[in-house]
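Residue-level structural notes
Chain residues, written in single-letter form:
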Amino acid sequence: FFINTARTSLLTSEGCTEPCMNPLNVAFQASAITVTTGNTVSFTNISSNANTYEWQINGTTFSNTTNTTYTFNQVGTYTITLIGANGSPFCESEYSIEITVECNTVANFSASADLIGVGESVIFNNTSINGISYSWSVNGNQEATSNNFNYTFNSGDIYEICLTAQGTYCDDTY
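This report concerns the structure included in the present document.

How each quantity is defined
- Residues numbered from 1 in each chain as written.
- Predicted model: local features only at pLDDT ≥ 70, side-chain atom pairs only at ≥ 80, totals over all residues.
- Heavy atoms only, no water.
- Pairing = 2+ DSSP bridges.
- Helix = DSSP H or I, 4+ residues; strand = E, 2+ residues; numbered from the N terminus.
- Axes fitted to C-alpha atoms, helices over the stretch in contact; angles between N-to-C directions.
- Contact = heavy atoms within 4.5 Å.
- Disulfide = S-S within 2.5 Å.
- Buried < 20%, exposed > 50% of the residue type's maximum accessible area, 1.4 Å probe, protein only.
- Phe/Tyr/Trp six-rings, centres within 6.5 Å; stacked < 30°, edge-to-face > 60°.

1. A short note on the pairing of strand β3 (residues 39–45)
Sheet analysis places strand β1 (residues 28–30) next to β3, joined by three bridges and oriented antiparallel. If you follow Phe 28 over to β3, its bridge partner there is Asn 45. The sheet contact formed by β3 and strand β6 (residues 68–72) spans five bridges and is antiparallel. Within the sheet, the bridge partner assigned to Thr 40 lies in β6 and is Thr 71.

What follows is the structure in structure tokens.
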């Protein structure tokens, strides 16, 4: 019979943790929760009774200031966490929100005609947003890298025309 084992487990339990003598409330507001790539979000700390802060994105610290900003350059969902403390023993709290980042490049085009005969051409006008280079394909085969595209249909068939717009941070296909 070992009383040390029982006592050790009791000492490490939550019941033996001293209470926070100066309770705190950690919270913040984000300037946006859905943004496009390349945009900066401002985080405003609205915590009370805290005086040290740690900001994390997906578990990695990126700031220790009271308020902060972060520029999102990749598409995805990010968990932003603020951890606050006040120097009193056992007084730490955290608050988290999710930020969704979408691609700021949008591929799009219009066609000069929808129904055409064999041997006729169609002009495809690029109406993409935030693209810096383009790739046109017909039935999965790359045909051009120009801004706009002119294609002559040499057989009676169904054709799939795709435009990929490459942006600074991400690509989109239409």
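2. Quick word on the sheet that holds strand β9 (residues 109–111)
Taken together, the three strands give an open sheet; going across it, the order is β9-β10-β13, and neighbouring strands pair in antiparallel fashion. Unpaired on one side and paired on the other, β9 and β13 (149–152) mark the two borders of the sheet. Here the average twist between neighbouring strands, direction ignored, is 20°.

3. Brief notes about the environment of Val 118
By the element assignment, Val 118 lies in the loop between β9 and β10 (121–126). C-alpha separation for the pair Val 118 and Thr 152, spaced 34 residues apart in sequence, amounts to 8.2 Å. When neighbours within four sequence positions are excluded, Val 118 is seen to be in contact with Phe 153, Asn 154, Ser 155 and Gly 156.

4. Regarding the state of the cysteines
Inspection of the entire model under this criterion finds two disulfides. Note that Cys 20 is cross-linked by a disulfide to Cys 91, the S-S spacing being 1.7 Å. Since a negative S-S torsion denotes a left-handed disulfide, the Cys 20-Cys 91 link at about 110° is right-handed. With Cys 20 in the loop between α1 (3–11) and β1 and Cys 91 in the loop between β7 (76–85) and β8 (92–102), this residue pair connects regions lying 71 residues apart in the sequence. By relative accessible area, which is 24% here, Cys 20 ends up partly exposed. Sequence-ordered numbering of the bonded cysteines in the protein chain yields a pairing of 1-2, 3-4.

5. Description of the sheet that holds β1
The antiparallel open sheet is built from three strands, whose spatial order is β1-β3-β6. Every interior strand has two partners, whereas the edge strands, β1 and β6, have only one. Taken pair by pair, the neighbouring strands of this sheet meet at an average axis angle of 25°, ignoring direction.

6. A closer look at the packing of aromatic side chains
Using the criterion set out here, one finds 17 aromatic pairs in the structure. Ring centres of Phe 124 and Trp 136 lie 6.1 Å apart, and the angle between their planes is 40°; on these two criteria the pair is classed as tilted. Within this pair, whereas Phe 124 is found in strand β10, its partner Trp 136 is found in strand β11 (residues 133–138), the two being separated by 12 residues in sequence. The exposure class assigned to Phe 124 is buried, which follows from its relative accessible area of 5%. Grouped by ring-pair contacts, the aromatic residues Phe 109, Phe 124, Trp 136, Phe 149, Tyr 151, Phe 153, Tyr 159 and Tyr 174 constitute a single cluster.

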